[in-house]
Amino acid sequence: MPYLIIEHLEEISDWLWLEYSHVAEWWGDRLIFTNVLPEERERLAKLGSVIGESVTRFPFDRSKMIVLDLQPEEELKPEDIEEDTIIVVGGILGDAIPRGRTREFITSRMEGVKARHIGKPQYSIDGASIVAKLIADGKRLEEIEYEENPTIKLDEFSEITLHYAVPKLDGKLLLTPGLIELQKRELGYTDADEEINDEELVEFFEGKGEI
């Protein structure tokens, strides 16, 4: 089984922790975090191996590495992956409109590394890691189902739209465990007297407004 590296590039928010935890469920002891600050080591070590150095500077054998990036022309295929392959995912919480940060912070700084895409949709960190795992297990990209910008009901009256693609397995969305509960808490709409309209929800999830 190959290894998965997450190049850690964000502060550890509750949302990021849920995504990282989901990745750990899929990759187990083959998960490695790089670019980790000293004060973050203990916490991330609960999920996987931890390296303080950035993957862009660590002396891995780059001939065995594949960076997942939206921009390359070649897609990731099962035959690209061997037992000692290292797949690299950017630990970046995506924007509604991708800004090419994986290319900026990782791919462009790793001369000689292979880069592959996993389709046109933008996935979350855990979504991309799951797609990589399915391909490593033998599935081809066209065989992997996904739903782009899924709308999720929070309760009888409220729903949210996730501005990225979520992979599916056997027709079921592989949502980040705990994400819906987290959004209910963060939106703070649990009191019956408090109402949030759709426009406020969209602005909140695009980072343009506060609830």
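Cut-off values and rules
Residues numbered from 1 in each chain as written. Predicted model: local features only at pLDDT ≥ 70, side-chain atom pairs only at ≥ 80, totals over all residues. Heavy atoms only, no water. Helix = DSSP H or I, 4+ residues; strand = E, 2+ residues; numbered from the N terminus. Buried < 20%, exposed > 50% of the residue type's maximum accessible area, 1.4 Å probe, protein only. Contact = heavy atoms within 4.5 Å. Areas by Shrake-Rupley, 256 points an atom, 1.4 Å probe, with all protein chains shown as cover. Pairing = 2+ DSSP bridges. Axes fitted to C-alpha atoms, helices over the stretch in contact; angles between N-to-C directions. Salt bridge = Lys/Arg side-chain N within 4 Å of Asp/Glu carboxyl O. pLDDT = per-residue confidence, 0-100. Phe/Tyr/Trp six-rings, centres within 6.5 Å; stacked < 30°, edge-to-face > 60°. Lys NZ or Arg CZ within 6 Å of the ring centre and 35° of its normal.

Considering the overall build of the protein chain
Check the secondary structure of the protein chain and you find six helices and eleven strands. Taking all 211 residues of the protein chain together, the buried fraction comes to 47%. Considering only contacts in the protein chain between residues 6 or more positions apart, those separated by 24 or more positions represent 63%. Just so you have it, the protein chain exposes about 11,400 Å², and 45% of that area is on carbon and sulfur atoms.

Observations regarding the sheet that holds strand 6 (residues 114-116)
Strand order in the open sheet formed by six strands is 3-2-1-5-4-6, with parallel pairing between adjacent strands. Pairing within the sheet leaves two strands with one partner each, and these edge strands are strand 3 (49-50) and strand 6. Its contacts with the sheet place helix 1 (residues 14-27) against strand 1 (3-8), strand 2 (31-34) and strand 5 (86-91), and it is angled at close to 170° to strand 1. Against the sheet, helix 4 (residues 125-136) contacts strand 1, strand 4 (65-68) and strand 5, and its axis sits at roughly 165° relative to strand 5.

Overview of the pattern of salt bridges
Scanning the model with the defined rule gives six salt bridges in all. Linking R57 and E53 is a salt bridge whose minimum nitrogen-to-oxygen distance equals 2.8 Å. Residue R57 is classed as exposed on the basis of its relative accessible area of 56%. In this structure, the salt-bridge partner of R116 is D80, at a minimum N-O distance of 3.4 Å. In this pair, R116 is assigned in strand 6 and D80 in the loop between strand 4 and strand 5, connecting sequence segments 36 residues apart. Among the residues examined, D80 registers a relative accessible area of 22% and is labelled partly exposed. Connected through salt bridges with shared partners, the residues E74, D80 and R116 form a single ionic network.

A word on the sheet that holds strand 10 (residues 165-169)
Backbone-to-backbone hydrogen bonds join strands into a sheet, with any given pair of strands oriented parallel or antiparallel. Taken in spatial order, the three strands make up an open sheet running 7-10-11, and their pairing is antiparallel. Each having just a single partner strand, strand 7 (145-148) and strand 11 (172-173) make up the two edges of the open sheet. Relative to strand 11, strand 10 is paired through two bridges, and the arrangement is antiparallel. Directly across from K168, in strand 11, lies its bridge partner L173.

Points about the confidence of the model for the protein chain
Model confidence for the protein chain is summarised by a mean pLDDT of 87, while 86% of its residues fall at 70 or above. Confidence drops under a pLDDT of 50 for residues 191-196, and excluding neighbours within four residues, the segment shows eight contacts in the predicted structure.

Digging into the environment of V55
Within the fold, V55 resides in the loop between strand 3 and strand 4. Each C-alpha atom of the pair V55 and M110 lies 8.5 Å from the other, and the pair is 55 residues apart in sequence. With sequence-adjacent residues up to four places away left out, V55 is seen in contact with I5, E7, T34, F60, M65, V88, I106 and M110.

A closer look at the packing of aromatic side chains
This model, assessed by the stated rule, comprises three aromatic pairs. Ring geometry for Y20 against F33: centres 4.9 Å apart, planes inclined by 50°, an arrangement best described as tilted. Within this pair, whereas Y20 is found in helix 1, its partner F33 is found in strand 2, the two being separated by 13 residues in sequence. The exposure classification of Y20 matches that of F33, with both residues buried. Arranged with centres 4.5 Å apart and planes meeting at 45°, the rings of F58 and F60 form a pair that is tilted. Over the ring of Y3 we find R30, and its NZ or CZ is 3.8 Å from the ring centre. In this structure, R43 packs its charged tip against the face of W17, placed 4.2 Å from the ring centre.

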